[in-house]
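# Geometric and topological summary
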Amino acid sequence: MSKYGNLTTNAVGRIVPQIINGKESTPYQGVGKFRPSGRKYAPPISSCADYPEDGNKVISSLREALIRCGLKDGMTISTHHHFRNGDLVGNQIFDAAAELGVKNLTWAPSASFECHSPLIRYLEDGTIHHIEGSMNGALGKFTSEGKMQGMGILRSHGGRYQAIQDGDLHIDIAVIAAPTADMFGNATGDRGTAACGLLGFALADSQYADKVIVVTDNLVPFPCVPWQIHGNYVDFVVVLSQIGIPEKIISGTTEITKSPDRLLLAELTARFCDEAGIIRNGFSFQAGAGGTALSIGIYFAEMLRKRGMKARFARGGSNKYLVQMLEEGLVDYILDGQTFDLEGVRSMRENNNHLNTSPFTSYNYHGKGNFASMVDVVILGATEVDVNFNANVVTHSDGLLLHGIGGWMNCLFSKCVILPIPLFRDRMPVIRDEVTTICGPGELIDVIVTERGIAINPLRTDLLDRLKGSALPIKTIHQLKEEAERICGKPSLPVLDDEFIAAIKWVDGTVIDAVRKVIS
Amino acid sequence: MTNTATTGNKGKGVRSDCHVTLELMTVGGIDIQVNSKVMALYGKSIIGLCEKIFQHYEIKHARLLLEDSGALELVIAARLEAAIRQLTGSEKEYLPAFLPQNNYETSKEQDRFSRLYLPGNSPSLMINAGIHKPNGIILDLEDAVAVQKKPEARLLVRNALRGLDFYGAERMVRINQIPEGLQDLDYIVPHNVNLILVPKCESAHQIELVNQRIDALKQQHGIKSHIWLMPIIESALGVLKALEIANCQNVVALAIGLEDYTADLGTRRTNEGSESFFARSMIVNACKATGIQAIDSVFSDIADMEALGQTVQRSKAMGFDGMGCIHPRQIKVIHDNFAPDEAEIEKAKKIVSAFIDATEQGLGVVSLGTKMIDPPVVKRAQQTITRAIKMGKLPVDWRNEFTTG
């Protein structure tokens, strides 16, 4: 099977394949243009007659569970990333698969981290054919070098749920690492020695996979309450000595920045939101992981405190700063998608206003609405932005695929999308004539805040009007690009190979861009 | 004599800099090897720049290894030039373009609330310094640069003065102690430095030496603009000579350096500052007596903004006009606390308003109620108003809403 075929140009002018890993794909058609038809995918019908009457689904090992799930060549195995860089289960699955001599598997993680780089050996020996999920760090570099047999497919968190529901991503076996579970398979992430918060990224997997294995290191007597994963979806339960390192869900990017440059970015962003009239009683916001985004939350909190106002809800990734706002009464609810630190885990367990959500409720574009479009302002990052406000989050300017998409694409539907980004990173200008990879179309990105000026998308005439006469350094995107090039020099375009190595799927499942192999 | 030189910095944590290993050869032509994190974007232009520099120095055979962590052109040029000079002893200069926006003068009396110290051999800290809007940016050639790195730091500082945007901040350089610091002047005077800090100053004679060298360089390069001096008093002798130093030509401010001063006294620096009260008071008095600004020492705890604010308040109360900072986060705190407070602004508004009224009425004397106002008081009030407007504490049209009530 060839990696891809039938190249075409999509609605944002990018050349993309229409056949990827042997399956038909739809090229991107524009925001809101692709309307799916048909019905959702349905998993096979199960029968209670095939499951123990006493509800005890515990079996002795992950290897046995995989065998009893019918693991064979060419299957798709999914995992989730709530442990982030502290996951201890993902690698064990493929160790077992390799021992069993199974080949050509597809790994469909909700995200990958550096801790998964040992899986490169299974990509090399053919145990894993390709990854559908995110390809971060070493896995991304391996993919960029054209070494993966199949073509990588990157989706947003909401896009993954959509793809599973629509049958675009069929999961044969889902393995869910659960910090607490009972023998029946009911499971939660908010308690247990390896508590990681929530398990929402594994929800679709549990509902739609042909077979589901729950792996836990904290088996509690039935019933495990509260449960986020329902045992009725689960085939087998496996008990391991340790499933994850909860401290490693915290990363440097979940601490407030100490960099004066980034603090300036955060301050400018908060001032922009204030002057644009976004910060008012009952508003809602989302700030992703990352020191700058977290610092913006601190500025929001200060403004609300001073004015005696409160936000109605904040979308998480929760962290200690958001939890402080909730506990101080500066925000009524946290609608959480993933927990970024242990304070978030505690709050999730203890506070009824800290609610767990899943990509279905928050981000799924093929649902009957989702939370993302209800948020007043969202603060996101980007590796590059171009003069048409298109943005890239997956590749660097040299073409290397190093990051996943996360919820980034889904958040673009918020009422105001702001990207606070440095004008250049170590002589790498962030604003380009054309981004290396389009992950978000410019029409959805409203404001670029840099340390040397703020550019408002010309489509947002309302924001331009509101900021008229502001003391903030409002500039055009072209002025910012020129300023970066005055300092750094005009960059050359990276010379990339003609071969595609990964596809970027838009929130509706269409292909918005394809990533090329780097020439090393 | 060795034929290999290394300059610059490399390793984990080094950003926006590069490391040069240069070997001069007798045959073989020019061999340039570049390892760069921005190779895909700037590889060709980096190699082109290096070739140009070799041509400039008429070097035909050399082996160059450039390990680049995202250095700007002006940094690469300084590093390579330093290596070439080390090996050849050449005094030729390879000068990057001078940014037109850096071509401005500063005045004797302009605000010098904050001046941000930056190590003269650390390019990553220089690039964004101006965006934090300190009143002055000091490129430091003295204590922040290791002795063996001083020759290359001079070239880097020179290139920074030419090619980095200071965003309107007063362009300052701290040279080395006199007499060594006299050499530094060659690298900064021709490149529109606005103000030179002279460390460990203990006599008017040292300032005279600096002025003489500056005058010679100005004449040589046809420079007309003012270059101001800010001697730093850092010893007991310097404190006692403060008045004669303050009286020297081109001196616009005296700064006090408390780390060295307390070491000279054999005491320890405290937050309360009782050990330095005499010295600080002496500096303030010398400055006020000669009509220049008094600048306080830096506050070294970059995490404690509250203590910094209190220190600035004490400083202002003593009569200081500004202080140094070692981290951009300190700038706003320093500005906020040196800025005129509400009572000062109200008083200034009344005085300036009375002055305008008197002028409009053709009166030679300004009075407020039954009190006569002296011209220096009016001048100070006008300065307060100007500052308050500049710092956003007073609208430009404040008089429209002002009534003397």
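Refer to the structure presented above.
Summary of the structure given here. (Residues numbered from 1 in each chain as written. Chains lettered and ligands numbered in written order. Predicted model: local features only at pLDDT ≥ 70, side-chain atom pairs only at ≥ 80, totals over all residues. Heavy atoms only, no water.)

Turning our attention to the overall build of chain A. When you go through chain A residue by residue, the secondary structure sums to 14 helices and 29 strands. Each principal axis of the C-alpha atoms in chain A carries an extent, and together these give about 70 × 55 × 40 Å. For chain A, buried positions account for 61% of its 520 residues. Looking at chain A alone, contacts between residues at least 24 apart form 71% of all its contacts between residues at least 6 apart. Counting every atom, chain A has about 18900 Å² of accessible surface; 51% of that belongs to carbon and sulfur. (Helix = DSSP H or I, 4+ residues; strand = E, 2+ residues; numbered from the N terminus. Buried < 20%, exposed > 50% of the residue type's maximum accessible area, 1.4 Å probe, protein only. Contact = heavy atoms within 4.5 Å. Areas by Shrake-Rupley, 256 points an atom, 1.4 Å probe, with all protein chains shown as cover.)

All names here are of chain B. Interhelical geometry of helix α13 (residues 342-360) versus helix α14 (residues 375-390) gives an angle of 120° and a closest axis separation of 8 Å. For the element pair α13 / α14, the angle class is oblique. For the element pair α13 and α14, the recorded crossing hand is left-handed. For the pair α13 and α14, the contacting residues are E344, I345, A348, K349, I351, V352 and F355 in the first and V377, V378, A381, Q382, T384, I385 and A388 in the second. A breakdown of the residues in the contact of α13 with α14 according to their chemical character gives 10 nonpolar, two polar and two charged. (Axes fitted to C-alpha atoms, helices over the stretch in contact; angles between N-to-C directions. Parallel < 35°, antiparallel > 145°, perpendicular 65-115°, else oblique. Left-handed = near helix turned anticlockwise from the far one by under 90°. Nonpolar A, V, L, I, M, F, W, Y, C, P; charged D, E, K, R; others polar.)

Here we take up helix α4 (residues 137-144) of chain A. Residues and elements named next belong to chain A. Within the span of α4, buried status applies to L139, G140, F142, T143 and S144. Packed against the buried residues of α4 are β6 (105-109), α3 (120-124), β7 (128-133), β28 (496-505) and β29 (511-518). Positioned one or two residues after α4, G146 has a phi angle of 75°, which is positive.

A separate point is unusual backbone geometry. Glycine aside, negative phi is the norm for most residues, and most peptide bonds take the trans geometry. Residue and element names in this part refer to chain A. In the segment running from V225 into P226, the intervening peptide bond is cis, with an omega of -10°. Omega for the bond connecting G316 with G317 falls within 30 degrees of zero, at 20°, which places this linkage in the cis form. Residues other than glycine seldom take positive phi values, yet N6 does so here, at roughly 50°. Following the sequence through the fold, N6 ends up in strand β1 (residues 4-9).

Moving on: the nonpolar core. One finds W408 of chain A together with L22, I196 and L254 of chain B to be the most contacted residues of the largest nonpolar core, which totals 212 residues. Membership of the second largest hydrophobic core comes to 40 residues, among which are F272, I278, F300 and I418 of chain A. (Core = buried A, V, L, I, M, F, W, Y, C linked by side-chain atoms within 4.5 Å.)

Side chains of V58, L219 and V239 of chain A sit close together on the surface and give an oily, nonpolar patch of about 200 Å² of accessible area. Its place among the elements puts V239 of chain A in strand β13 (residues 236-239). (Patch = residues over 30% accessible without salt bridge, like charges linked within 9 Å, V, L, I, M, F, W, Y side chains within 5 Å. Salt bridge = Lys/Arg side-chain N within 4 Å of Asp/Glu carboxyl O.)

The next subject is the sheet that holds strand β20 (residues 391-392) of chain A. Spatially, three strands are ordered β20-β19-β24 (chain A) in an open sheet, and the strand pairing comes out mixed. A single partner strand is all that each edge strand has here, and the edge strands are β20 and β24 (431-432) of chain A. (Pairing = 2+ DSSP bridges.)

Counting from both sides, the interface comprises 26 residues of chain A and, opposite them, 25 residues of chain B. Of the roughly 2000 Å² buried between chain A and chain B on both sides combined, carbon and sulfur atoms contribute 55%. A per-residue breakdown of the area chain A buries against chain B is headed by D426, R427 and R452 of chain A, which together make up 39% of the total. Remark: the boundary between chain A and chain B carries two salt bridges. We note a salt bridge from R15 of chain B to D426 of chain A, for which the minimum N-O separation is 3.4 Å. (Buried area = accessible area lost by both parts, 1.4 Å probe.)

That's the geometry; what it means functionally is another story.
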